[in-house]
Protein chains: 2
Amino acid sequence: MDLSFILNNALQICLGVGILSIIYAIFLSALILKSPRGDSAMNEIADAISQGASAFLRTQYTVVLVIGAVIAAILYFVFGSFTTIGFGIGAIFSAIAGIVGMVVAVRSNIRTAQAAKSGLAPAFNMAFRGGAVTGLMVVGLAIISVSGFYFFLQSQDATPNLQPLIALGFGGSLISVFARLGGGIYTKSADVGTDMVGKIEKGIPEDDPRNPGVIADLVGDNVGDDAGMAADLFETYVITAVAAMLLGDLTFKGNQTVLVYPLLIGAISILTSIVGTWFVRVRGKSIMSALYQGLTISALLSLGGFFALTNFLFPQGLGNISSLSLFYSSIIGLIITIGMVSITEYFTSKKFNPVKTIANASTTGHGTNIIAGLAVSMKSTLAPILLISAGTLLAHQFAGLYGVAIAAMSMLSLTGIIVAIDAFGPITDNAGGIVEMTGLPQKVRQVTDPLDAVGNTTKAVTKAYAIGSAGLAALVLFASYTQELTRLSGALAQVFSLSDPRVIVGLFIGGALPYFFGALAMEAVGKASGAVVDEVRRQFRQIKGITEGSEKPEYAKAVDIVTRAAIRQMIVPALIPVVAPILVGFLLGPKALGGLLIGSIITGLFVAISMTTGGAAWDNTKKYIEEGKLGGKGSFAHQAAVTGDTVGDPYKDTAGPAINPMIKVLNIVALLIASFIV
Amino acid sequence: MDLSFILNNALQICLGVGILSIIYAIFLSALILKSPRGDSAMNEIADAISQGASAFLRTQYTVVLVIGAVIAAILYFVFGSFTTIGFGIGAIFSAIAGIVGMVVAVRSNIRTAQAAKSGLAPAFNMAFRGGAVTGLMVVGLAIISVSGFYFFLQSQDATPNLQPLIALGFGGSLISVFARLGGGIYTKSADVGTDMVGKIEKGIPEDDPRNPGVIADLVGDNVGDDAGMAADLFETYVITAVAAMLLGDLTFKGNQTVLVYPLLIGAISILTSIVGTWFVRVRGKSIMSALYQGLTISALLSLGGFFALTNFLFPQGLGNISSLSLFYSSIIGLIITIGMVSITEYFTSKKFNPVKTIANASTTGHGTNIIAGLAVSMKSTLAPILLISAGTLLAHQFAGLYGVAIAAMSMLSLTGIIVAIDAFGPITDNAGGIVEMTGLPQKVRQVTDPLDAVGNTTKAVTKAYAIGSAGLAALVLFASYTQELTRLSGALAQVFSLSDPRVIVGLFIGGALPYFFGALAMEAVGKASGAVVDEVRRQFRQIKGITEGSEKPEYAKAVDIVTRAAIRQMIVPALIPVVAPILVGFLLGPKALGGLLIGSIITGLFVAISMTTGGAAWDNTKKYIEEGKLGGKGSFAHQAAVTGDTVGDPYKDTAGPAINPMIKVLNIVALLIASFIV
């Protein structure tokens with residue numbers, strides 16, 4: 001393999017790796033599907049979950065299809081067919097990533113529950129395999145869509161306009177906002193609503209089959225944590241790749257190598273992620289370190305791969321950037337990933353001080369639990385921000401804006417293994433639910449409980465990763481926006497000066513968006529969970545035999561009600577990031593719009609990190625006390641911890657994660673309208 | 001009076017108005033002091049409050065004196081004697097403003113309680129008079145310090161270097177950070193700690209004399225809401241005036257009129273504030289509209305005054321800015337004030353939807369109360385930010401950066417009447433406490449209760465005003481920083497470009513500071529209230545007769561313990577805004593420091609507004625339910641609302657308001673070190 005071969009066939013190589021990733025995912029799925037599904041009681045529940053999840057996705061994507069069609073029509077009239085096709089591909093692939101993640105998860109959960117009967121290792125392997133399918137599908141679809149579409153564009157024009165690629169990112173992001181919001185509202189309103197009647201009013205345990213909302217709650221884990229997360233990371237991956245290509249194109253006009261370099265970074269890490277999954281083995285060590293081992297091996301292998309690739313592609317460096325400098329930029333992405341994972345683990349794990357502090361504060365009541373939790377959530381933002389700042393500064397030092405883009409791409413390149421670790425969470429959560437509902441013996445629960453607890457931490461860790469990478473991706477998008485404006489206006493570099501009041505006002509308005517969006521998302525959970533409470537109460541009241549267990553509740557009815565409530569509540573906040581940049585761009589001009597983008601990234605990072613980390617800390621505080629600490633289950637401290645967990649739910653699973661795609665939609669809409677507002 | 005007379009004697013005029021303001025405040029104090037103090041039981045309590053408050057301020061200022069002396073010594077060696085004198089004056093006057101506010105409040109509370117025996121109007125007048133003393137002292141001291149010190153500087157050099165004036169602002173801000181933090185930690189840890197043992201563990205009502213922490217709690221209202229707030233607004237006023245002068249000096253080199261214009265705006269509004277206080281009469285209308293009537297009249301009179309002044313000073317305009325444009329800029333400040341007041345009222349008053357939403361959410365539990373409250377707190381940031389943005393943009397449109405400075409000064413000019421309305425709050429709160437503790441008849445309580453409730457809203461309203469004006473003041477400081485850098489580097493305008501990674505990293509780090517600072521402040525309340533809980537529990541345990549009321553608790557002991565805990569917790573967070581800009585400035589350079597300043601303003605505004613507004617909304621939700629709504633006192637909803645109130649306490653009274661002086665200290669330290677980092 002020599003340089004010219006790789007260069008000439010880079011897109012085909014990426015496509016090939018993407019297809020390989022999907023084939024391997026299908027192979028893993030086959031392994032999962034041929035594993036035993038357990039007894040009929042388990043099957044009944046798993047089927048109900050699966051049907052509920054499908055029903056939700058059907059309704060959700062019907063609504064999204066209508067909105068998407070309207071936007072596609074506008075894009076067609078304004079930008080023409082290629083851009084519309086790009087948007088369509090992005091949207092469809094993003095939707096597929098989400099749907100696949102969900103489909104696999106609802107098939108792995110029951111098999112994990114069944115495997116738990118044979119012990120920890122089989123259950124762990126089954127759940128991780130399910131997660132790996134989602135992870136490999138996400139990266140496979142992402143790299144196929146970007147390199148495939150770019151290949152198509154190049155076949156039409158040797159140096160194509162990249163706007164259709166931006167539209168591809170837009171399609172992905174838009175779906176992702178809906179998936180994160182719709183799924184997030186669904187999962188938490190089902191959770192909060194079900195618990196509020198079941199646990200608090202009726203005093204029956206979690207995941208009790210007598211609770212009419214219990215299936216909706218289990219469905220929620222899949223549509224929120226799985227489908228939403230998969231669409232989110234698909235989108236971040238695509239956006240980062242597109243933004244890196246765009247920035248490379250704008251900075252090094254005419255150089256094709258800078259366009260394929262980010263994609264090849266992605267391709268390398270897909271391969272190393274596959275290898276990494278082979279090293280996830282739970283023998284003789286903690287579950288968490290088994291997962292981290294896979295991640296570490298993937299990262300190390302990628303490191304070697306990036307070194308070889310960079311030397312291959314840029315033997316003479318790139319302009320005045322040495323190839324070593326480019327390689328250093330790519331290392332930074334890996335370091336940020338490891339750093340974000342470690343920081344989040346510190347703030348959310350039961351082993352460390354933050355969770356213990358909240359637990360101690362719980363002994364004095366609900367209010368002090370919340371105060372301590374809010375303090376932890378706010379405090380948890382400092383280290384990640386310093387890490388991202390240092391990374392940005394160093395990457396820029398090494399290789400300018402393109403270096404920042406490469407760092408972002410290298411961070412995102414680990415998506416395959418990271419999503420595998422994450423998607424493990426909702427599968428074990430569901431498995432635990434099935435075990436509980438079917439009354440399997442205590443020893444099975446002793447297998448699924450620790451898996452579930454680890455799943456909680458990995459979910460938090462991935463959210464921090466998603467936010468960190470979203471922040472970097474958005475910065476790269478912003479850089480593309482400024483470069484694009486410069487190109488369009490034909491002037492010297494467009495300057496967004498902090499002394500320009502329009503920029504300041506843009507920063508303020510942009511800063512307000514994550515707050516407003518987050519508030520609406522929190523409110524949405526409040527309203528939708530109110531609908532759940534009403535329905536669950538109604539069933540307890542009208543179906544007499546529920547409480548004694550002689551009659552079965554109407555699970556499907558509850559599922560249906562959450563579905564409709566979540567979809568209704570999702571629409572308005574999801575349109576904010578589409579409408580706001582258009583309004584600001586046309587009313588206040590490109591400077592204010594530039595400010596808006598950065599403003600939204602700044603407060604967006606803080607709001608998202610504080611919410612996801614704080615929420616997970618509250619969750620694990622409850623688990624910490626439930627282990628018997630500070631009085632254990634049922635104690636005064638435990639009641640306070642339950643309150644904290646309730647507050648943390650919409651924080652970490654609805655509002656916080658939905659901010660990632662939001663700031664990217666903002667940035668990408670700005671890029672699309674740039675040519676109209678100059 | 002002709003133009004040259006005003007110009008030649010502008011500083012003397014301002015000094016004269018300042019002295020008049022103080023004389024009038026002394027006159028009002030005399031009226032208060034000759035009013036009856038009630039019976040000996042009341043006197044005993046009021047004396048205990050007064051002694052506790054004095055003890056706290058003594059301890060606090062001893063610590064602050066040491067830190068201040070160290071900083072003064074550094075300033076002396078680096079900048080010389082005038083700068084050190086400026087710092088000293090700022091610090092001492094800020095401290096005096098706080099102390100006076102407190103001294104008057106602890107004398108007005110008992111007289112308000114006594115007056116309440118004769119009905120609403122006398123009690124209202126007494127409390128408002130107490131507030132007016134604080135308000136007029138704050139603006140009087142502020143304008144005297146700035147115009148007096150500038151007069152002194154001018155006597156040494158006809159066109160003096162303004163750095164000593166910046167140091168004056170620094171002194172004021174530094175004291176204010178300590179006052180806000182120390183007072184805020186004190187008041188909330190006493191409140192939370194006392195309630196947690198008293199109300200929750202022992203089941204005795206609020207303000208019950210058997211609770212050993214009750215005096216500490218009442219002391220807290222004075223040292224937090226009164227002394228802290230007075231120091232804060234003194235500082236904001238001084239900083240805004242200094243920043244406007246500095247900006248005028250840097251923009252219109254050699255023009256003396258632009259230097260005195262902001263001071264004269266202040267002088268006019270001091271006069272109109274005095275007149276405004278005469279129109280605060282509670283006859284035949286609600287308490288709130290009585291207060292607003294005074295504010296409205298002051299604002300309208302100021303409007304006329306500004307028009308006359310601007311035409312007088314700038315008959316030919318200023319450069320290419322017409323005098324009408326300058327006048328328009330000054331109107332913007334008044335409009336922002338009225339707007340901030342109305343928005344906060346909407347989000348925190350029991351009459352409107354936000355509080356009702358939280359109240360409804362309380363019926364389903366602690367968790368849903370908190371979720372709804374957090375949503376309201378986040379949502380409440382949008383309108384103020386849009387208002388400030390629109391104001392900044394318009395003022396800049398009218399008269400450039402100087403126009404923004406004038407808008408900020410005109411906003412701050414109403415401080416006299418605003419503080420009068422605010423300082424009314426802790427006085428009525430204390431009066432209610434005294435009435436409760438001495439077991440005065442129900443009809444007296446029926447007078448003090450509604451006064452107390454209105455006090456809650458006015459406290460929230462003033463906090464929003466303080467934050468809005470702090471944001472504007474900080475923007476003006478930032479503009480001065482950029483102008484100063486330009487002057488120092490002798491280059492073209494220093495550009496802080498959003499495409500510069502150092503600026504972006506500065507924005508991120510700056511954005512992190514309010515989060516980190518806020519987190520530490522919340523934690524501090526947690527730790528200090530833990531100390532209170534221990535002490536109150538100890539007294540209940542060791543002093544046998546407390547519960548039956550046969551033995552008196554050791555109030556002073558509790559006061560002493562809160563004092564020490566609050567002071568200890570105050571030091572580290574208070575040093576963040578001093579140390580952070582020095583570190584970033586010297587390590588990452590002036591661009592990153594510029595980013596840091598704006599970053600801190602952006603997230604600072606959001607964190608502060610969401611905390612103060614959200615906290616007040618939670619507080620009033622509790623009051624709303626206590627009026628008998630949704631089950632009333634003791635209901636499930638009420639318990640949840642108490643939790644929300646507990647969370648809101650450190651939000652609105654500790655962390656939120658302390659962010660104002662913090663962002664200004666950051667900006668002013670940056671200005672001071674500018675010449676060393678270019």
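These figures come from a predicted structure and were not determined experimentally. (Residues numbered from 1 in each chain as written. Chains lettered and ligands numbered in written order. Predicted model: local features only at pLDDT ≥ 70, side-chain atom pairs only at ≥ 80, totals over all residues. Heavy atoms only, no water.)

Caption draft 1: Layout of the overall build of chain A. Within chain A, the secondary structure is distributed over 17 helices and zero strands. Expected size for 678 residues packed as a compact globule is a radius of gyration near 26 Å; at 24 Å, chain A falls within 12% of this value. By its C-alpha atoms, chain A is 75 × 55 × 45 Å across when sized along the principal axes. Counting contacts in chain A only where the partners sit at least 6 residues apart, residues at least 24 apart contribute 85% of the total. Per element, the accessible surface of chain A, about 19,800 Å² overall, is 64% carbon and sulfur. Put simply, chain A has 42 plus and 39 minus side-chain charges, and the middle of one group is 2 Å from the middle of the other. (Helix = DSSP H or I, 4+ residues; strand = E, 2+ residues; numbered from the N terminus. Rg over C-alpha atoms; globule rule 2.2 N^0.38 Å. Contact = heavy atoms within 4.5 Å. Areas by Shrake-Rupley, 256 points an atom, 1.4 Å probe, with all protein chains shown as cover. Lys, Arg positive; Asp, Glu negative; His and termini not counted. Charge placed at Lys NZ, Arg CZ, Asp CG, Glu CD.)

Caption draft 2: Quick look at the pattern of salt bridges. The final tally for this structure, using the stated rule, is 56 salt bridges over all chains. The residue Lys350(B) makes a salt bridge to Glu627(B) at a minimum N-O spacing of 2.7 Å. Here Glu627(B) lies in the loop between helix 16 (555-626) and helix 17 (636-677) and Lys350(B) lies in the loop between helix 9 (323-348) and helix 10 (353-362), a separation of 277 residues in the sequence. When salt bridges with common partners are traced through the structure, they connect Lys188(A), Asp191(A), Lys463(A), Asp619(A), Lys623(A), Asp649(A), Lys652(A) and Asp653(A) into a single cluster. (Salt bridge = Lys/Arg side-chain N within 4 Å of Asp/Glu carboxyl O.)

Caption draft 3: Quick look at the interface of chain B and chain A. Of the residues lining the interface, 65 residues belong to chain B; the matching set on chain A comes to 66 residues. When chain B packs against chain A, the two sides together hide about 5,700 Å² of surface, and 84% of this comes from carbon and sulfur. Looking only at chain B, the three residues that lose the most surface to chain A are Met378(B), Phe508(B) and Tyr515(B), adding up to 14% of its buried area. For Glu523(B), the salt bridge identified is with Lys379(A), shortest N-O distance 2.9 Å. Linking chain B to chain A there are six residue pairs in polar contact (both at pLDDT 80 or more). Among the secondary structure elements, those contributing two or more residues to the side of chain B that touches chain A are helix 11 (366-379), helix 12 (382-413), helix 14 (442-489), helix 15 (501-542), helix 16 and helix 17 of chain B. Looking at which element gives the most residues to the side of chain B that touches chain A, the answer is helix 15 of chain B, with 19 residues. Looking at the side of chain B that touches chain A residue by residue, the class counts come to 41 nonpolar, 20 polar and four charged. (Buried area = accessible area lost by both parts, 1.4 Å probe. Polar contact = N/O pair within 3.5 Å; in protein donor to acceptor, adjacent residues only side chain to side chain. Nonpolar A, V, L, I, M, F, W, Y, C, P; charged D, E, K, R; others polar.)

Caption draft 4: Layout of the layout of surface pockets. Residue and element names in this part refer to chain A. Taken as a whole, the second largest pocket encloses approximately 970 Å³ of empty space. As for the second largest pocket, its lining consists of 39 residues, of which Glu-206, Arg-445, Asp-452, Lys-623 and Glu-626 are closest to the centre. For the lining of the second largest pocket, the secondary-structure elements that each account for two or more residues are helix 5 (163-202), helix 6 (214-251), helix 13 (415-437), helix 14 (442-489), helix 16 (555-626) and helix 17 (636-677). The element contributing the most residues to the lining of the second largest pocket is helix 14, with nine residues. Partitioning the lining of the second largest pocket into residue classes produces six nonpolar, seven polar and 26 charged. (1 Å grid on protein atoms, 1.4 Å probe; cavity = no way out; pocket = protein on both sides within 12 Å on 5 of 7 lines; lining within 4 Å. Points joined across faces, edges and corners; volume = space filled by probe spheres on them.)

Caption draft 5: Main features of the side chain of Thr112(A). Structurally, Thr112(A) can be placed in helix 3 (residues 81-116). Other than its neighbours up to four places away in sequence, Thr112(A) contacts Ala123(A), Met126(A), Ala127(A), Ile427(A) and Ala431(A).

Caption draft 6: Expanded view of the relation of the copies chain B and chain A. Overlaying chain B with chain A gives an RMSD of 0.0 Å, the required rotation being 180 degrees about an axis along which the chain moves by 0.1 Å. In the structure described here, the two chain copies are related by an operation that fits a two-fold rotation axis. Considering only C-alpha atoms, the residue of chain B closest to the rotation axis is Ser497(B), which sits at 2.3 Å. Here 100% of the contact residues of chain B are again contact residues in chain A; the copies associate through an equivalent surface. (Least-squares fit on C-alpha atoms with pLDDT ≥ 70 in both.)

Caption draft 7: Just the environment of Arg487(A), in detail. Note on placement: Arg487(A) falls in helix 14. A relative accessible area of 48% places Arg487(A) in the partly exposed class. (Buried < 20%, exposed > 50% of the residue type's maximum accessible area, 1.4 Å probe, protein only.)

Caption draft 8: Representation of the packing of aromatic side chains in the model. Residue and element names in this part refer to chain A. Under the counting rule described, the total for this entry stands at 43 aromatic pairs over all chains. Between the aromatic rings of Tyr-76 and Phe-77, the centroid separation amounts to 5.7 Å while the plane-to-plane angle is 75 degrees, which identifies the pairing as edge-to-face. Feature note: the residues Phe-252, Tyr-261, Phe-314 and Tyr-402 constitute an aromatic cluster, connected by ring pairs. When the ring centre of Phe-496 is taken as reference, the NZ or CZ atom of Lys-591 above it lies at 6.0 Å. (Phe/Tyr/Trp six-rings, centres within 6.5 Å; stacked < 30°, edge-to-face > 60°. Lys NZ or Arg CZ within 6 Å of the ring centre and 35° of its normal.)

Caption draft 9: Region of interest: empty space enclosed by the protein. A complete count under the given rule lists 10 cavities of 30 Å³ or more for this structure. As a volume, the largest cavity reaches approximately 210 Å³. Around the largest cavity, the lining is made up of 16 residues, and of these Tyr515(A), Tyr651(A), Met378(B), Tyr515(B) and Tyr651(B) lie nearest the centre. For the lining of the largest cavity, the secondary-structure elements that each account for two or more residues are helix 11 (366-379) and helix 16 of chain A together with helix 11 and helix 16 of chain B. Residues that form the lining of the largest cavity fall into these classes: 12 nonpolar, four polar and no charged.

Caption draft 10: Highlighting the nonpolar core. Ranked by size, the top nonpolar core spans 531 residues in total, and within it Tyr481(A) and Tyr481(B) carry the most contacts. Other than its neighbours up to four places away in sequence, Tyr481(A) contacts Phe496(A), Pro590(A), Leu593(A), Gly594(A), Leu597(A), Ala670(A), Leu671(A), Ala674(A) and Ile677(A). (Core = buried A, V, L, I, M, F, W, Y, C linked by side-chain atoms within 4.5 Å.)

Caption draft 11: Summary view of the packing of helix 6 (residues 214-251) of chain B against helix 7 (residues 257-278) of chain B. All names here are of chain B. The geometry of helix 6 relative to helix 7 is characterised by a closest axis approach of 7 Å and an angle of 150 degrees between their N-to-C directions. Here helix 6 is positioned roughly antiparallel relative to helix 7, judged by the angle of their axes. You can see that helix 6 and helix 7 cross each other, and the crossing is right-handed. Contact with helix 6, carried on its side by Tyr-237, Ala-241, Ala-244, Met-245, Gly-248 and Asp-249, involves Val-258, Leu-259, Pro-262, Leu-263, Gly-266 and Ile-270 of helix 7 and no other residues of that element. Tallied by class, the residues present in the contact of helix 6 with helix 7 amount to nine nonpolar, two polar and one charged. (Axes fitted to C-alpha atoms, helices over the stretch in contact; angles between N-to-C directions. Parallel < 35°, antiparallel > 145°, perpendicular 65-115°, else oblique. Left-handed = near helix turned anticlockwise from the far one by under 90°.)

Caption draft 12: Quick look at a nonpolar patch on the surface. Residues and elements named next belong to chain A. On the surface, Val-66, Val-70, Ile-74, Tyr-76, Phe-77, Val-78, Ile-582, Phe-586 and Phe-676 cluster together to form a nonpolar patch covering roughly 910 Å² of accessible area. Residue assignment for the nonpolar patch shows that the elements contributing at least two residues are helix 2 (40-79) and helix 16. The dominant element in the nonpolar patch, judged by the number of residues it contributes, is helix 2, at six residues. Inspection of the secondary structure puts Ile-582 in helix 16. (Patch = residues over 30% accessible without salt bridge, like charges linked within 9 Å, V, L, I, M, F, W, Y side chains within 5 Å.)

Caption draft 13: Inspection of helix 11 of chain A at higher detail. In this model helix 11 of chain A runs 20 Å from its N-terminal to its C-terminal C-alpha over 14 residues, within 8% of the 20 Å that 1.5 Å per residue would give. Across the 14 residues that make up helix 11 of chain A, a large majority, 13, are buried. (Expected span 1.5 Å × (residues − 1).)

Caption draft 14: Focus on the confidence of the model for chain A. Summary statistics for chain A give a mean pLDDT of 90 and a share of 99% for residues scoring 70 or more. In the model output, the complex is listed with pTM 0.94 alongside ipTM 0.93. (pLDDT = per-residue confidence, 0-100.)

Caption draft 15: Quick peek at the environment of Gly585(B). All names here are of chain B. The topology assignment puts Gly-585 in helix 16. The exposure class of Gly-585 is buried, given its relative accessible area of 3%. For the pair Gly-585 and Ile-268, spaced 317 residues apart in sequence, the C-alpha separation works out to 39 Å. Residues within four places of Gly-585 in sequence aside, it is in contact with Pro-590, Leu-593 and Ile-677.

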